[in-house]
Amino acid sequence: MAKILTVGLRPSAIDYSLFPGLDEATLTARVEQGLGAVRAAGFDALHCPIGVDPDEAEKTVRAAVAGHSVELAMIGAGVRMPAEHTELFERLINVLVELAPGIRFCFNTSPESTIDALRRWS
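The following refers to the structure shown. What you see is a predicted model, and the numbers here were worked out from it, not measured in a lab.

**Points about the sheet that holds strand E3 (residues 70-75)**
Stage number 1. Taken together, the four strands give an open sheet; going across it, the order is E2-E1-E3-E4, and neighbouring strands pair in parallel fashion. Where the open sheet ends on each side, the last strands, each with one partner, are strand E2 (44-50) and strand E4 (104-107). Between one strand and the next, the sheet's axes are offset by a mean angle of 25 degrees, whatever the strand orientation.
Stage number 2. Lying on the sheet, helix H1 (residues 24-40) is in contact with strand E1 (3-9) and E2; it crosses E2 at an angle near 160 degrees.
Stage number 3. Against the sheet, helix H5 (residues 114-121) touches E1, E3 and E4, its axis set at about 150 degrees to E4.

Right, here's the structure in full:
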């Protein structure tokens, strides 16, 4: 099975005022549960939590991918959906294409939908 990279905002990097009813502890638990389910389903997953600064996020992703042959990347909704993260999302796509030519991308809508997103492209 292909090496998978999951990239999402660190729960501590999120502005929870944009997400009524969600807090850091709840999101942390959901992300951990989702990642556990991904691994339990047999995916060889590298998890890469990032902050919102594009330069720092790029460094984090480069370090995570170093020495690995990543064939599929799942970039979380928290990175993709808020308009203020457009540059961050663009940067991640471009750095991953540079680091892993031929990489495929998939996108979830929540931590719970990650497995479905991965299965669509693995």
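**Focus on the pattern of salt bridges**
Stage number 1. Under the definition given, this model contains eight salt bridges.
Stage number 2. For Glu58, the salt bridge identified is with Arg91, shortest N-O distance 2.9 Å. A residue pair is termed long-range when its members are at least 10 positions apart, and Glu58 in helix H2 (residues 54-65) and Arg91 in helix H4 (residues 86-99) qualify at 33 residues.
Stage number 3. Of the residues examined, Glu58 reaches a relative accessible area of 17% and is grouped as buried.
Stage number 4. We classify Arg91 as partly exposed; its relative accessible area is 23%.
Stage number 5. A salt bridge links Glu87 to Arg91; its shortest N-O distance comes to 3.6 Å. Taken together, the positions of Glu87 and Arg91, both in helix H4 and four residues apart, correspond to about one turn of that helix.

**Quick word on H4**
Stage number 1. Taking 1.5 Å of rise per residue, the 14 residues of H4 would be expected to cover 20 Å, and the 20 Å separating its terminal C-alpha atoms lies within 8% of that figure.
Stage number 2. Buried within H4 are the following residues: Leu88, Leu92, Val95 and Leu96. Taken end-on, H4 shows its buried residues confined to a sector of 100 degrees, consistent with a single buried face. Facing away from the buried side of H4 by over 90 degrees, the exposed positions are Asn94 and Glu98.

Reading guide: rules and limits
Counting restarts for each chain: residues are numbered from 1 in the order of the written sequence. Under the rules for a predicted model, residues below a pLDDT of 70 receive no local features and side-chain atom pairs below 80 are neither given nor counted, while totals for whole chains, interfaces and linings still include all residues. With hydrogens and water set aside, each side-chain value is computed from the structure's full complement of heavy atoms. The criterion for strand pairing is that DSSP finds at least two bridges linking the strands in question. Labels follow the DSSP assignment, with helices taken as runs of H or I lasting at least four residues and strands as runs of E lasting at least two, numbered in each case from the N terminus. Axes here refer to lines fitted to C-alpha atoms; in helices the fit is confined to the stretch in contact. Angles between the N-to-C directions go from 0 to 180 degrees. Throughout, a contact is declared for two residues whenever any of their heavy atoms are within 4.5 Å. Any Lys or Arg side-chain nitrogen found within 4 Å of a carboxyl oxygen on Asp or Glu counts as a salt bridge. Residue exposure (1.4 Å probe, protein chains only): buried if accessible area is under 20% of the type maximum, exposed if over 50%, otherwise partly exposed. Under the convention used throughout, the expected extent of a helix is 1.5 Å for every residue step, that is, one less than its residue count. Working definition: the arc comes from the directions between the helix axis and the C-beta atoms, pointing outward to the latter.

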